[in-house]
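Here is what each chain is made of, one letter per residue.
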Amino acid sequence: MNDHHDHVNDAPAPGDGRRRRIGILLFEGVEELDAVGPWEVLSAWTRQYPEDGWDAFCLSYDGRPVRGAKSLVLGAHHSIEDAPAMDVLVHPGGPGTRPMLHDRGHLDWVRRQRASVPLMTSVCTGSLVYAAAGLLVGRRATTHWASLNTLSELDPTVVTDVISRFVDDGDLITSAGVSAGIDMALHLVARLTDVERSREVRREIQYDPLPPF
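Residues numbered from 1 in each chain as written. Predicted model: local features only at pLDDT ≥ 70, side-chain atom pairs only at ≥ 80, totals over all residues. Heavy atoms only, no water.

Student: Whenever I open this one, the packing of helix α1 (residues 32–48) against helix α7 (residues 195–204) confuses me. Can you help?
Tutor: Axes are the key here: two packed helices are described by the angle between their axes and the distance separating the axes. Two elements in contact, α1 and α7, have axes separated by 10 Å at closest approach and are oriented at 110°. By the angle between their axes, α1 is roughly perpendicular relative to α7. Read as a crossing pair, α1 and α7 show a hand that is right-handed. Where α1 approaches α7, its residues V41, A44, W45 and Q48 are matched on the opposing element by R197, V201 and E204. Of the residues assigned to the contact of α1 with α7, the class counts are four nonpolar, one polar and two charged. (Axes fitted to C-alpha atoms, helices over the stretch in contact; angles between N-to-C directions. Helix = DSSP H or I, 4+ residues; strand = E, 2+ residues; numbered from the N terminus. Parallel < 35°, antiparallel > 145°, perpendicular 65-115°, else oblique. Left-handed = near helix turned anticlockwise from the far one by under 90°. Contact = heavy atoms within 4.5 Å. Nonpolar A, V, L, I, M, F, W, Y, C, P; charged D, E, K, R; others polar.)

In structure tokens form, the structure reads like this:
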């Protein structure tokens, strides 16, 4: 069962007048829908309802475009060096996460984000990177169905959820494979504003899955 209600409306109060920011990480070999699904939800929300006080952007290592897992070229707004401070990070998955599991530089970057970003989220095998970085010790989490065993191997302390489309574990949200990132992002909108706003965004992007097969 998805944890839909425990953390709704717990965003930091925008009393300082600062706009809050959500960053979506792009990298070579990113699964396109892992990044573009949440982007569609979050940009539809932040552009249509700027009064909510949130903005979304994409970042890559050097700020240049990346080639996704299925060859789509995706552009970034910022490099990791010049990106503004984030209140939420979305780490997608895809085959490009495989080398990240052994990339000390990237794992160190992820740990630094954990120290400064209040809410860390992942899509698909992005949670494997979080596990490799030590972020999921004793935490509830999920990933793409084909990588559930790998998640347990990377960190046997992870309480793996094999059923939910996403798992909200407080300051860390993980989601299952590919299209599940859309569900996670809609939950994020509800958590940062309210359920009614998320319903409005869902209707705007006409997300009402009824698979033909």
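Student: How should the nonpolar core be read in this particular structure?
Tutor: One finds I22, L42 and W45 to be the most contacted residues of the largest nonpolar core, which totals 58 residues. Sort the elements by how many residues they give to this core and helix α6 (residues 180–192) lands first, with seven residues. The contacts of W45, once residues within four sequence positions are left out, are I22, D52, W54, V189, L192, T193, R197 and V201. (Core = buried A, V, L, I, M, F, W, Y, C linked by side-chain atoms within 4.5 Å. Buried < 20%, exposed > 50% of the residue type's maximum accessible area, 1.4 Å probe, protein only.)

Student: Quick question: what am I supposed to make of the side chain of R139 here?
Tutor: Relative to the helices and strands, R139 resides in the loop between α4 (126–132) and β8 (140–141). Polar side-chain contacts of R139 include one of 2.5 Å to the side chain of D169. Discounting chain neighbours no more than four positions away, the residues touching R139 are T157, V158, V159, D169, D171 and L172. (Polar contact = N/O pair within 3.5 Å; in protein donor to acceptor, adjacent residues only side chain to side chain.)

Student: Looking at this structure, I do not really get the pairing of strand β11 (residues 172–175). What am I missing?
Tutor: Looking down a regular strand, the side chains alternate between one sheet face and the other. Neither face of β11 is exposed, since L172 and T174 on one face and I173 and S175 on the opposite face are all buried. Direction of pairing for strand β7 (residues 119–122) relative to β11: parallel, over a ladder of three bridges. Pairing of M120 across the sheet is with L172, part of β11. Pairing of strand β10 (residues 166–168) with β11, which is carried by three bridges, proceeds in the antiparallel orientation. Pairing of V167 across the sheet is with T174, part of β11. The antiparallel hairpin formed by β10 and β11 contains three residues in its connecting segment, where G170 sits at a positive phi of about 85°. (Pairing = 2+ DSSP bridges.)

Student: I keep staring at the environment of M100 and nothing clicks. Help me out?
Tutor: When you line up the elements, M100 lands in helix α2 (residues 97–100). By relative accessible area, which is 5% here, M100 ends up buried. When the C-alpha positions of M100 and T193 are compared, they lie 33 Å apart, and in sequence the two are 93 residues distant. Apart from residues no more than four positions distant in its own chain, M100 is found in contact with F27, Y61, H91, H106, L107 and V129.

Student: Quick question: what am I supposed to make of the environment of V201 here?
Tutor: For V201, the location among the structural elements is in helix α7. Assessed through its relative accessible area of 1%, V201 is described here as buried. As a C-alpha pair, V201 and A44 span 157 residues in sequence and 6.6 Å in three-dimensional space.

Student: Sorry if this is basic, but what is going on with α7 here?
Tutor: Given 3.6 residues to a turn, an α-helix orients residues that are three or four positions apart in the same direction. Listed as buried for α7 are R197, S198 and V201. Along α7, the residues classed as buried sweep out an arc of 100° about the axis, all on the same side. Buried residues along α7 sit against α1 and α6. One side-chain oxygen of the residue at the start of α7 lies 3.2 Å from the amide nitrogen of E196, identifying that residue as D194. Directly beyond the C-terminal end of α7, a positive phi value near 50° is found at Q206. (Arc of directions from axis to C-beta.)

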